[in-house]
2 protein chains.
Amino acid sequence: MTTPYKDSILRGDCIEVMKSLPDACVDLVFADPPYNLQLGGGLTRPDQSDVDGVTDEWDQFESFAAYDAFTKAWLAEARRVLKPNGALWVIGSYHNIFRLGCAVQDLGFWIQNDVVWVKTNPMPNFRGTRFANAHETLIWAGRDKKSRPTFNYHSLKAANEDVQMRSDWTLPLCTGQERLKTGGKKTHPTQKPEALLHRVLSATTNPGDVVLDPFFGTGTTGAVAKRLGRHFVGIERDETYAKAAEARIASIVPADPEDAAPLPSPRRQPRVGFGQLIESGLLAPGSKLYCPKRKHIARVKADGTLDTSLHQGSIHKVGAGVQNAASCNGWTFWHYEEAGKLAPIDSLRSVIRRGMN
Amino acid sequence: MTTPYKDSILRGDCIEVMKSLPDACVDLVFADPPYNLQLGGGLTRPDQSDVDGVTDEWDQFESFAAYDAFTKAWLAEARRVLKPNGALWVIGSYHNIFRLGCAVQDLGFWIQNDVVWVKTNPMPNFRGTRFANAHETLIWAGRDKKSRPTFNYHSLKAANEDVQMRSDWTLPLCTGQERLKTGGKKTHPTQKPEALLHRVLSATTNPGDVVLDPFFGTGTTGAVAKRLGRHFVGIERDETYAKAAEARIASIVPADPEDAAPLPSPRRQPRVGFGQLIESGLLAPGSKLYCPKRKHIARVKADGTLDTSLHQGSIHKVGAGVQNAASCNGWTFWHYEEAGKLAPIDSLRSVIRRGMN
DNA sequence: ATGTCACATGAATCCACCT
DNA sequence: TAGGTGGATTCATGTGACA
């Protein structure tokens, strides 16, 4: 399916603009919604300076109700334009993240993780009345419970000292050269660091995917998407921000497609059956396989099954059987002998796979 | 005002029991309510052993609506029994924290901070499908917008190497000797570490204050309160938990009020992965890395892995691969070129680390 | 006593594909 | 769509056996 408006910034209110997009046309939505909605949106009442407690609480309730209505409206549209296996990221602070998270769940999204962006250089709390607000929260959710969102597990692990990536990410704020300036002042009050979007997009999209950002601002999502070989659709109602984003993205040089591809996952490699090892002559019928400690021995049969005195069947079933386990990965459990040493039969599968290229 | 039931554990449903308490009688509420986990079938580790998930009856709810109704009911009572300047702490994970936070706001509490408990030793993700769930979230809120909750800013700062205490707390899980056992098995599936409560109570209560915990469990709140010279009121409906808590608290020796009990360790040095060099723009996708003698060349990929014609993966795996070695420290093996000279990528990691201080 | 290694375990919404 | 099967998948820490 082709996505309209690919790699461009649409002007207008994101709810209205999303309504003009077809169903199921984007792979990912990344959203950094405002939480300090001012009068312009017509969503909150004015902040009365001298009110009694009752009115104060009522006012607070009204504001929350209006914010919730706004949140549900844009999230519903975002969900509609997501593909079945699409996913959503939203980011917020304690002012709005609980309302966002609640709406995400109520609309049928299925949360995969919440992630905390721990800031290396947060703004201190000057008045000494609270803890320094040193983090923001992101929510990663599939379109629904059945969705299987993209997750480049092996890339993340390899990039993280071969240890799986955790839900806490320590990253600096957007400062210095990266921070867009207009006349010496910051162009946008809450510009997100590209490193944050880099991690989001390289973790949960593939090259060529389309990422929608309904609160595009100065276009960090678009800039990183372009650099990583992903497509973006931005929505922004403030022309100043949109113009700044366009200029910024125009200057981005995309990575070579070869460099943008995530590490291939074993789950997506071509399937090689155990029988192919015998067919190809890598293992002879009648040869013996051993568990790592040589405690269990099985005989290879010509039809691609294993045989012990007690168990017959696939390498997995027999491996589970001899261990009295519920399941077993026969490729790593069973070993063949060569020059007196044992090696997993998985290494023979690799030989077959190499021959398939 | 005297508080009834001080330093004791009340048996029963927390909503009913709280209704029997007078208005405005406690200084702090700490609550660790059921998380409504909604786990699927069984989960096994890669070594085939079973994961002991939380499948207790008390964590089961019909729907989000049922959970929300329960949440609002106990929070409303908690708010009623709080003094005007009293405060609330709740803890949860992404399964329930957004619903908790919403209810907290809707009922008129005023959030001071959200705090993330970053776990040093979380359970990994065993199937490689998500980020390791390595944190939980706490919300600290005043009874209402006008409340001025206790906050021991200066003692926190002094105990934190004279740096302002932040909203991210790095602490280990409750394991080892601290974990209560019954017949060799854990007494409670979700016992919280005392270090966490220590930080909560020393930060936001004064000696002599009364702390109510409506989900007392095995009484971590009571144990820490007693040690720190605070009073507690616990509510627990499971007699086994309540009994265990009573025995535990009886053995606690209160600290001498003069003693500044040591606060748990400061935050650990976060891991810096090779991926962060690319995320931060220190290395561009497609740039080349060399071994010291330029015999081997690898290309940097956007996902934080390396690629030669033969090997793909982490800097360490690829370094080992090209040398045909069992292992390799990629940080010192791989070099980048600058002004015609080679420098180890470890020097770029130092740049990242400097930015994190 | 000291070091090594095997083993256990923690609030977990934890698979993909084919028939 | 429900069920069956192939086969992919873990980090930090504490305890205890054993050399």
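Here, the structure is the one placed above.
Below or above, wherever it landed, is the structure these notes cover. The shown structure was predicted, so the numbers you read here are calculated from the model rather than taken from an experiment.

Rules and cut-offs
- Each chain carries its own residue numbering, running from 1 in the written order of its sequence.
- Numbering of ligands from 1 and lettering of chains from A proceed in the order in which they are written.
- Local features in this predicted model are restricted to residues of pLDDT 70 or higher, and side-chain atom pairs are both shown and tallied only at a pLDDT of 80 or more, whereas totals for entire chains, interfaces and linings draw on every residue.
- In computing side-chain properties, one takes all heavy atoms of the structure into account and sets aside hydrogens as well as water.
- Runs of H or I in DSSP of at least four residues are treated as helices and runs of E of at least two as strands, each being numbered from the N terminus.
- Here the globule rule reads 2.2 Å times residues to the power 0.38, and the radius of gyration is calculated from C-alpha atoms.
- Whether a residue is buried, partly exposed or exposed follows from its accessible area with a 1.4 Å probe, protein chains only, as a fraction of its type maximum: under 20%, in between, or over 50%, in that order.
- Any two residues whose heavy atoms approach within 4.5 Å at even a single point are treated as in contact.
- Charge convention: Lys and Arg are scored as positive, Asp and Glu as negative, and His as well as the terminal groups of each chain are ignored.
- For the purpose of locating charges, the reference atoms are NZ of Lys, CZ of Arg, CG of Asp and CD of Glu.
- Computed with a 1.4 Å rolling probe, the buried area is the accessible surface lost when two parts are put together, summed over both parts.
- Salt-bridge detection follows one rule: a side-chain nitrogen of Lys or Arg within 4 Å of a carboxyl oxygen of Asp or Glu.
- Any pair of N or O atoms that falls within 3.5 Å is considered a polar contact. Within protein, one atom must be able to donate a hydrogen and the other to accept it, and sequence-neighbouring residues count only if both atoms are side-chain atoms.
- In the scheme used here, Gly and all other residues not listed as nonpolar or charged are polar, with Ala, Val, Leu, Ile, Met, Phe, Trp, Tyr, Cys and Pro taken as nonpolar and Asp, Glu, Lys and Arg as charged.
- Cavities and pockets are found on a 1 Å grid laid over the protein atoms alone: a cavity is a set of points where a 1.4 Å probe fits but cannot escape, a pocket is an open set with protein on both sides within 12 Å along at least five of seven lines, and a lining residue has an atom within 4 Å of such a point.
- Grid points are joined across faces, edges and corners, and a volume is the space filled by probe spheres set on the points.

1. Section: the overall build of chain A
Here comes step 1: Along its length, chain A carries twelve helices and 16 strands.
Here comes step 2: For chain A, whose C-alpha radius of gyration is 27 Å, the value lies well above the compact-globule estimate of 21 Å for 357 residues.
Here comes step 3: In terms of principal-axis extent, the alpha carbons of chain A reach across some 90 × 45 × 40 Å.
Here comes step 4: Burial status across chain A gives 52% buried among its 357 residues.
Here comes step 5: When contacts within chain A are restricted to residue pairs at least 6 apart in sequence, those whose partners lie at least 24 apart make up 67%.
Here comes step 6: Both charge centroids of chain A, one from 44 positive and one from 39 negative side chains, sit 8 Å from each other.

2. Some words on the interface of chain B and chain A
Here comes step 1: Listed as interface residues are 84 residues of chain B and, on the opposing side, 72 residues of chain A.
Here comes step 2: Counting the surface chain B buries against chain A, the share from its top three residues, F98(B), F131(B) and E279(B), is 14%.
Here comes step 3: Inspection of the chain B/chain A interface yields six salt bridges.
Here comes step 4: Taken together, the links from chain B to chain A amount to 38 residue pairs in polar contact (both at pLDDT 80 or more).
Here comes step 5: In terms of residue count, strand β4 (residues 110-119) of chain B provides more of the side of chain B that touches chain A than any other element does, nine residues in total.
Here comes step 6: Class assignment of the residues belonging to the side of chain B that touches chain A gives a composition of 35 nonpolar, 29 polar and 20 charged.

3. Some points on empty space enclosed by the protein
Here comes step 1: Under the criterion given, the structure shown has two cavities of 30 Å³ or more.
Here comes step 2: The space that makes up the largest cavity amounts to roughly 110 Å³.
Here comes step 3: What lines the largest cavity is a set of 16 residues, and nearest its centre among them are L156(A), A159(A), G275(B), E279(B) and D303(B).
Here comes step 4: Ranked by residues supplied to the lining of the largest cavity, first place goes to helix α5 (residues 194-204) of chain A with four residues.
Here comes step 5: Split by residue class, the lining of the largest cavity holds five nonpolar, eight polar and three charged.
Here comes step 6: In this structure, the second largest cavity occupies an estimated 30 Å³ of space.
Here comes step 7: Looking at the lining of the second largest cavity, the elements with two or more residues in it are α3 (97-106) of chain A together with α3 (97-106) of chain B.
Here comes step 8: The residue inventory of the lining of the second largest cavity, partitioned by class, reads four nonpolar, two polar and two charged.

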